[in-house]
Amino acid sequence: MMELRIQLVPTGEIILPPGKNGENYCPNCSKVVGMMESALTARDRVGVQDFVLLENHTSEAAFMENLRKRFKENLIYTYIGSVLVSVNPYKDLEIYTKQHMERYRGVNFYEVSPHIYAVSDNAYRSMRTERRDQCILISGESGAGKTEASKKILQYYAVTCPASDQVQTVKDRLLQSNPVLEAFGNAKTLRNDNSSRFGKYMDIQFDFRGAPVGGHILNYLLEKSRVVHQSHGERNFHIFYQLIEGGDEDLLRRLGLERNTQQYQYLVKGNCSKVSSINDRSEWKVVSKALTVIGFSEEEVEELLNIIASVLHLGNLQFGTEDSGYAYITTDTQIKYLARLVDVEGAALKEALTHKKIIAKGEELMSPLNLEQAASARDALAKAIYGRTFSWLVNKINHSLAFKDEQFPSSKNTSVIGLLDIYGFEVFQQNSFEQFCINYCNEKLQQLFIELTLKSEQDEYESEGITWEPVQYFNNKIICDLVEEKFKGIISILDEECLRPGDASDITFLEKLESTLGGHAHFVTHKLADGKTRKVMGREEFRLLHYAGEVNYNVNGFLDKNNDLLFRNLKEVTCQSENKILSQCFDKEELSDKKRPETTATQFKTSLAKLMEILMSKEPSYVRCIKPNDAKRAGHFDEVLIRHQVKYLGLMENLRVRRAGFAYRRRYEVFLQRYKSLCPGTWPNWQGRLPDGVSTLVKYLGYKPEEYKLGRTKIFIRFPKTLFATEDALEVRKHSLATKLQACWKSYSQRSKYLKMRHAAIVVQAWWRGILARRVAKRRREAANTIRRFIKGFIFRKHPRCPENEYFLDYVRYSFLMTLKRNLPKTVLDKSWPTPPPALTEASDQLRKLCMQNMVWKYCKRISPEWKHQMEQKMVASEIFKDKKDNYPQSVAKLFVGTRLNGEEINPKVFQALGNEKMKYGVPVTKYDRKGYRARPRQLLLTGTYAVLVEDAKVKQHIDYSTLQGISVSSLSDGLFVLHLPCEDNKQKGDVVLQSDHIIETLTKVAICAEKINNININQGSIKFAFGRGKEGIIDFTPGSELLITKAKNGHLSVTAPRLNSR
Ligand SMILES: Nc1ncnc2c1ncn2[C@@H]1O[C@H](COP(=O)(O)OP(=O)(O)O)[C@@H](O)[C@H]1O
Ligand SMILES: [Mg+2]
């Protein structure tokens, strides 16, 4: 089970399937592994998918049983390691769809069930990853499915490989080359309805992206004899039937053909022109289309078909015999057609077909041919024309597939996958030269297989010094030598017979064989054979014991076919052909070339040797095709037939070597490189010798001694499971390595990011600092200049305005004006004013004035009428009392009121007494009697024309302003005042002594009302007043600490008042 998950690709690389479709647990290593097994359907698990997994791998019966079981379930593919064994199902299986292709694309070998696509994909991937050319060798006997397999592979690449528009044409041409080549090179044989009658090796070129960009085909020995003769039950090449069945009427008319294959001698020999499995008509369409895809022009197609038709006409040429015994042509119409189709002169052709040119003594003679000779000359011409046209066709296809450099300029180095589909081993009732060549070719391929798998593997163990018990296998080199050895080989002997002068014939050839090769283990003739064998051998036959079985070859025709000669005059005629294809096929130079061309067998031998070289230079993958029965029947498993093939294909030996050997090998350096991370001793690098490193590594991994061997340059691991466990460990290890790498990378990338940012920041900083510094420097420079100008200006300040001081002066002016602006006086009383510089004194004064005017104006504008009135009164008060009375300053701040007595405080009767006069001011006062100086409260009311003293409701005294002579007050802070009145008449009581708490206000009001501003006397020391007829009183004012009004002993009124201001 477990081995299944390991892929042993030809490189020895082991690839584990990823567990993408769910996970499985491997019982041995208890680790999660890919779930290939469960991904397989039960059907797919019939038997084992790889013979290597057979319990009893040495048992042929078990092998056959596995093959049979799977075949019955339509599982036609099984592996032996990396070799694919395929059994022809003879029916369409639904396993070649696009989905199938996708399933195999890029998926590891063993992840999916065995398939031709897996092999294709594996070769493709190996080519891409290792850049090594690959080849896929498909072998098996005729009808085993080789050609089908090669087509499937081609289709797989065409579908799955990356493509561009250009590549699409390449892909199309690659694909379309097949139907064309099959039409011209395949035929129905008894073994296979579509048997390849030529060998084909095709290189597909891929560019570095893995897209197909070109191709090249090598063709090998076409079975030309089929053109003129077919065995019973066989057909000529498909193209003849396709043309007759499928070509439209017009075309057939042009070619002079009838739609009836029975009409053509070259098509009736096998008596089998119709086959149920072949639809010539539809094939014709496919081929016609393919020809255009490949790039045939209409003319080219026409000329190609002319040639095909001319071959048919040639076949219908009939000869009669003259009396002389010489042949003449009885069917002139054919000649007419021929002359037209091949584009030669009819008469020349006619003569060439019935004569032979002989050069005797330097003279050219035309010798007539007899009937038999003429017929064989005709057939030789037909074969030559067809054979060469076929080679031309391959050439033409190669031109169209050629990798064109200018088209894909990017594809300098192309890699190649080669596909070999060559005729398989075949045995008929009658086997001739062609079978001999075909089977020889198969011997060579078997030899190559042995070389590359069985032998090289065992040789490797030996060269590596690994103890190894050799697996016995049959090496067919002995048969190859028998055929191709110089001087002693069959081909050499045949050539010798062909070349030697004298009467050489097929029989003399046989005799020569007998005499030279008699006794060879793989060679028998009738004469040399024992009695039993003689019974089944004709006298003209020799038998070769091929690796794949015994084959009797009839020597009849060997010499002719090997010589492959065309009479010179026939060559001359065809060389004249105007048909472009034929003129290319028959080169005029050939006529002048006197050298004898190489014989067919030798040519074939050489081309095979070259093919082997090509194949050896590439990495091979194998597809071994098996034919299940001879009846081309689906589902029929012919045990005997298959066992035989298993045997001669060497599959059992192949299996044994695979099993006995080591599943895996790798050069020390490669192994160490891959797994070194699993052992601390070898990680990260091993410094010592490589084998020691590998040894350390595997010991650390716990490999048991029987599990591995160390060779000279490689380690060999016996069981896949050992490596599987190692791969598993690597898988786990990869995770931690990946994490570490990630971490390192992240840190690295972050750090580089950071460093970049930092660098960027520093650059930005530097720039910004530069900018700042430049700004500062600029400012400093400007400042310095300013200072310099300033100083200069200061020095020149006294000079008249000049450039040196203009800045300074401006600055001083500016600075003064700015200072002034900030320090302008806020009120009219504010007398502050900045000191102007000398030059601005005048301006400053002007400004000051303006400013003051402005403030005054503003102040005045703001003044209300009440306030104006107040101010006017204050002005009067100031005129009267300023600097004269002690308590004046205290009064300044106190506003004068309209009246100190309101309506309720004055008796209404008083108002009545006032009559029309409106009271302007009222104030409570104290009246001092003139005699006793008694103080009595009174109200003093002022009107427009007089003042009254009121005691409650009674007007005590009425004073007309006109009678008021003056008013006296002291200079002290007291409130005493005297109203001087005349006392001449009795009514008048004389001066009145009053006291008011608001002396300044009261007297100002009186002065205004009475218009007696200039009549107020401010006295110091004492005031005299008069009362009644010359009587006089005196009031003495003395400054004291407090206000005291008393009657003094001297009869004076004494007033002491504090001095508030020193004057
Ligand atoms: N994989 C296949 N699936 C179906 N039929 C197949 C397959 N391979 C071969 N055949 C049948 O077998 C026939 C012979 O196969 P072919 O490839 O021509 O044989 P070979 O080239 O080996 O002589 C085909 O024409 C086809 O009918
Ligand atoms: Mg074939």
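Details of the structure are given in the entry above.
One structure accompanies this document, and this report is about it. Quick caveat: nothing in here was measured; it's all calculated off a predicted structure.

Next up on the list: the sheet that holds strand β30 (residues 992–996). Ordered by their spatial adjacency, eight strands build an open sheet running β27-β26-β25-β24-β30-β29-β28-β31, and the pairing between neighbours is mixed. With partners counted over all chains shown, the strands left at the sheet margins are β27 (954–960) and β31 (1016–1019), one partner each. Looking at each pair of strands side by side, their axes are set apart by 30 degrees on average, direction ignored. Here strand β28 (residues 966–970) pairs with β31 via four bridges, running parallel. Looking at the pairing, Val-969 lines up with Ile-1018 of β31. Each of β24 (921–928), β25 (935–942), β28, β29 (976–980), β30 and β31 is contacted by helix α36 (residues 999–1010), which is oriented at about 45 degrees to β25, the strand it contacts most.

So, about empty space enclosed by the protein. Regions of empty space are outlined by a rolling probe, equal in size to a water molecule, passed over the atoms. All chains considered together, the criterion is met by seven cavities of 30 Å³ or more. Considering only enclosed or pocket space, the largest cavity measures out at about 60 Å³ in volume. Leu-137, Ile-138, Ser-139, Leu-420, Leu-445, Phe-449, Tyr-622 and Arg-624 are the residues that line the largest cavity. Mapped onto the lining of the largest cavity, the elements with two or more residues apiece are β7 (134–139), α16 (433–463) and β20 (619–626).

A cluster of nonpolar side chains, namely Ile-787, Ile-791, Phe-794 and Ile-795, defines an oily patch on the protein surface of about 400 Å² accessible area. Note on placement: Ile-791 falls in helix α30 (residues 720–795).

Another aspect to go through is the coordination of the magnesium ion (ligand 2). Coordination sphere of the magnesium ion (ligand 2), protein contribution only: Thr-147 (OG1) and Ser-196 (OG), at 1.9 to 2.2 Å. Note that Thr-147 is positioned in helix α5 (residues 146–160) and Ser-196 in strand β9 (residues 195–196), a separation of 49 residues in sequence. Classification of Thr-147 as buried rests on a relative accessible area of 12%. When its relative accessible area of 8% is taken as the criterion, Ser-196 is described as buried.

Here we come to helix α27 (residues 651–660). Residues three or four positions apart in an α-helix share a direction because the helix packs 3.6 residues into each turn. Every buried residue of α27 is accounted for by Leu-651, Met-652, Glu-653, Asn-654, Leu-655 and Val-657. Among the structural elements, α2 (60–72), β5 (77–80), β6 (83–87), α16, β20 and α26 (639–648) are those in contact with the buried residues of α27.

Around ligand 1, a shell composed of 15 residues is seen, among which Asn-88, Gly-143, Lys-146, Thr-147 and Glu-148 lie nearest. Measuring from an oxygen atom of ligand 1, one finds a side-chain N or O atom of Lys-146 at 2.7 Å. A distance of 2.6 Å separates an oxygen atom of ligand 1 from a polar side-chain atom of Thr-147. Starting from 550 Å² of accessible surface for ligand 1 in isolation, the protein chains cover 86%.

Cut-offs and rules
- Residues numbered from 1 in each chain as written.
- Chains lettered and ligands numbered in written order.
- Predicted model: local features only at pLDDT ≥ 70, side-chain atom pairs only at ≥ 80, totals over all residues.
- Heavy atoms only, no water.
- Pairing = 2+ DSSP bridges.
- Helix = DSSP H or I, 4+ residues; strand = E, 2+ residues; numbered from the N terminus.
- Axes fitted to C-alpha atoms, helices over the stretch in contact; angles between N-to-C directions.
- Contact = heavy atoms within 4.5 Å.
- 1 Å grid on protein atoms, 1.4 Å probe; cavity = no way out; pocket = protein on both sides within 12 Å on 5 of 7 lines; lining within 4 Å.
- Points joined across faces, edges and corners; volume = space filled by probe spheres on them.
- Patch = residues over 30% accessible without salt bridge, like charges linked within 9 Å, V, L, I, M, F, W, Y side chains within 5 Å.
- Areas by Shrake-Rupley, 256 points an atom, 1.4 Å probe, with all protein chains shown as cover.
- Salt bridge = Lys/Arg side-chain N within 4 Å of Asp/Glu carboxyl O.
- Donors = N, O, S within 2.8 Å, 3.2 Å for Na, K, Ca; no water.
- Buried < 20%, exposed > 50% of the residue type's maximum accessible area, 1.4 Å probe, protein only.
- Near = heavy atom within 4 Å.
- Polar contact = N/O pair within 3.5 Å; in protein donor to acceptor, adjacent residues only side chain to side chain.

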